[in-house]
There are 2 protein chains.
Amino acid sequence: MPKPTQIHDHAVPLIELWRSDLLESVHFGHAVVMRPNGEIVESWGQPDALIYPRSSCKMIQALPLIESGAGRDLGSAHLALACASHQGAGIHVQGVARWLSELGLAEGDLRCGTQAAEDIDERNRLVLDHESPCQLHNNCSGKHAGFLTLNRHLGGGAEYVEVDHPVQRAVRLAFEEVTGMTSPHYGIDGCSAPNFATSVQGLALAMARFAAASDTGDARARAMVALRDAMMRHPDLVAGETRACTELMRAMGGRAAVKTGAEAVFVAILPQSGLGIALKIIDGGVRAAEAAITALLIRHGALDPDHPVVARYLGPMKNRRGLIVGQTRCAPEFLQ
Amino acid sequence: MPKPTQIHDHAVPLIELWRSDLLESVHFGHAVVMRPNGEIVESWGQPDALIYPRSSCKMIQALPLIESGAGRDLGSAHLALACASHQGAGIHVQGVARWLSELGLAEGDLRCGTQAAEDIDERNRLVLDHESPCQLHNNCSGKHAGFLTLNRHLGGGAEYVEVDHPVQRAVRLAFEEVTGMTSPHYGIDGCSAPNFATSVQGLALAMARFAAASDTGDARARAMVALRDAMMRHPDLVAGETRACTELMRAMGGRAAVKTGAEAVFVAILPQSGLGIALKIIDGGVRAAEAAITALLIRHGALDPDHPVVARYLGPMKNRRGLIVGQTRCAPEFLQ
């Protein structure tokens, strides 16, 4: 039996961190740019490296919610929250609380677990009000509100995160269809939902299908358009202030939807060109995933290289006194 | 001219993160275990890979403070703070404030810059008291108090972080002596002090010299003993609650001093065996540096493999609902 491929097989340097004249750290990874017909436009590393997409596939996990009709009364803000890895700011927590209330449900019906608020204003508010964070603060609470909405339609039991629950069976089916492959593994995500493995290429193909979808197409195409447009319309709901997804989508003004996933996955949907992008940094380094997707968004015309947000992810690094001490840049093997 | 070696040349997998049955992320690095005579006991990756030790070398940066006699009135708590990358808890901030006051100096004399408090209690206190963090909260403020103490002795100017300032010239001299090599580069650290590059092997050699030093030796040996013993005596001052340096040193009860540095450097001083350890994860992933040093401390008899702290760095990973979702483990190429 051949040795199974590993995540680091054939990975290439993507992002370098220089301090003065020394390369201090380097991040290896895999990146693929795809067309919806399955053609690879360009790639670095191993396109068929197996990954968990983690939260980068939330727009896929939300497809059954829309396609089934369960989400027909949801507005674009709901859909953006369903695709979000939010930071538990007031707008996120209140948005999900309202959504649950519309369903006649409450925080206790979620199965995502409690997470500390990452949003500084909300964190400070909790301290000042002597409150504790709850499941609404979990970065996945919007996705779970979507699961609960689908579950009401499907009539499944309360434990909607179990892998053989009708909600997760529907998610798996959609996931395998849009990635074009059977998922060989699943893992349990930080929010307790199953996360289905695929290849970097499979994830990029799914994003290309989102990119090329038309609202005159079939139910799936219309669901894809609704989700991708909701993300681009509400960058603040998808992540939060200072976060890459929010900042990059704001900077691109509707030219792309982007989404991060834990362990340094990043995807992009480029409707103007019909391209999909997926990348994984093998060490899980988020800063490198953010830098690499920034470089690819510039390369494919979605992001203005002179937009001030670019410097947050690529370029000079400053220290605590504002001195320039180094540089984050693309590796020569990538886009230098 | 041969191509200069790069940080990733000959790096090997050290730490793996598994989720269910899939290797989700992997960290490559270099690690060296040395004797004080320059003999390599064992190594992984490239011993002569060039790195910035960053904060892992604070006990080296404190040598001139002791050797010069400038620090003769300092207690072990001062020395622990001089070697600390603390998290700005009350004990750290107050300890450094008192030290500066003993010098007749104040927070404004520091040149480390302001950093948000990482310690949750202190962060919450600042919020409740409507205060802002200051330079005392900078994780390097104790090192800088040491620099200011040495500076008083040397009679240098106020800008003690400049590379040609007498304080930094003294640091460089000690650094090159204990690492056994001329430093080929320096970078500016997060706290604005110069950080001199060395090899992983050079850093491990320095740690072995700290490990083998005797308080019946010369001024350098006595300084090494004082600093290493201060670190082991005050694990809480060197980092803070929940932090690896503090937790590991507490668990080892005087069997080793350990210190982390930014961009995933970790060192250990093992006085019982006279061994020194240094490692660098090439991607800067702190979790992997913590896991790798934990494994090496167990391997070299300093840390009990059954101590509960081990599970914080190696072993099963839990998600936000406490479910076991994966595992952090040593790579087969390392210590599996």
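Just above sits the structure.
Let me sum up the structure you'll find in this document. As the structure is a computational prediction, the values presented were derived from the model and not from experiment.

## Overview of the nonpolar core
Phase 1 of the analysis: Core analysis: the largest hydrophobic core is formed by 229 residues, its most contacted members being Ile 60 and Leu 297 of chain A together with Ile 60 and Leu 297 of chain B.
Phase 2 of the analysis: Sequence-distant contacts of Ile 60 of chain B, defined by excluding residues within four places in its chain, comprise Ala 174, Phe 175, Val 178, Leu 203, Ala 206, Met 207 and Phe 210 of chain B.

## Side note on helix H7 (residues 166–179) of chain A
Phase 1 of the analysis: The terminal C-alpha atoms of H7 of chain A lie 20 Å apart, and with 14 residues this matches the ideal 20 Å at 1.5 Å per residue to within 8%.
Phase 2 of the analysis: Immediately beyond the C-terminal end of H7 of chain A, within one or two residues, lies Gly 180 of chain A, with a positive phi of roughly 75°.

## Some words on the interface of chain A and chain B
Phase 1 of the analysis: With 52 residues of chain A at the contact, the number on the chain B side is 52 residues.
Phase 2 of the analysis: Around 4300 Å² of area is buried between chain A and chain B when both sides are counted, 53% of it from carbon and sulfur atoms.
Phase 3 of the analysis: Counting the contacts that link chain A with chain B gives 4 salt bridges.
Phase 4 of the analysis: Between Glu 24 of chain A and Arg 54 of chain B there is a salt bridge, with the nearest N and O atoms lying 3.0 Å from each other.
Phase 5 of the analysis: Here chain A and chain B share 32 residue pairs in polar contact (both at pLDDT 80 or more) between them.
Phase 6 of the analysis: In terms of residue count, strand S2 (residues 22–34) of chain A provides more of the side of chain A that touches chain B than any other element does, 7 residues in total.
Phase 7 of the analysis: Split by residue class, the side of chain A that touches chain B holds 21 nonpolar, 17 polar and 14 charged.

## Observations concerning the packing of aromatic side chains
Residue and element names in this part refer to chain A.
Phase 1 of the analysis: Within the structure shown, the criterion is met by 8 aromatic pairs over all chains.
Phase 2 of the analysis: Pairing Trp 44 with Phe 334 gives two aromatic rings, centres 5.0 Å apart and planes at 80°, and the pair type is edge-to-face. With a gap of 290 residues between them, Trp 44 in strand S3 (residues 40–44) and Phe 334 in the segment after strand S12 (324–330) connect regions that are remote in the sequence.
Phase 3 of the analysis: Under the relative-accessibility criterion, Phe 334 is labelled buried at 6%.
Phase 4 of the analysis: Members of the aromatic cluster, joined through ring pairs, are Phe 175, Tyr 186 and Phe 196.

## Focus: the environment of Ala 77 of chain A
All names here are of chain A.
Phase 1 of the analysis: Relative to the elements of secondary structure, Ala 77 occurs in helix H3 (residues 76–82).
Phase 2 of the analysis: For Ala 77, a relative accessible area of 31% corresponds to the partly exposed category.
Phase 3 of the analysis: If we skip the residues at most four places from it in the chain, Ala 77 touches His 234 and Leu 237.

Conventions used here
- Residues numbered from 1 in each chain as written.
- Chains lettered and ligands numbered in written order.
- Predicted model: local features only at pLDDT ≥ 70, side-chain atom pairs only at ≥ 80, totals over all residues.
- Heavy atoms only, no water.
- Core = buried A, V, L, I, M, F, W, Y, C linked by side-chain atoms within 4.5 Å.
- Buried < 20%, exposed > 50% of the residue type's maximum accessible area, 1.4 Å probe, protein only.
- Contact = heavy atoms within 4.5 Å.
- Helix = DSSP H or I, 4+ residues; strand = E, 2+ residues; numbered from the N terminus.
- Expected span 1.5 Å × (residues − 1).
- Buried area = accessible area lost by both parts, 1.4 Å probe.
- Salt bridge = Lys/Arg side-chain N within 4 Å of Asp/Glu carboxyl O.
- Polar contact = N/O pair within 3.5 Å; in protein donor to acceptor, adjacent residues only side chain to side chain.
- Nonpolar A, V, L, I, M, F, W, Y, C, P; charged D, E, K, R; others polar.
- Phe/Tyr/Trp six-rings, centres within 6.5 Å; stacked < 30°, edge-to-face > 60°.

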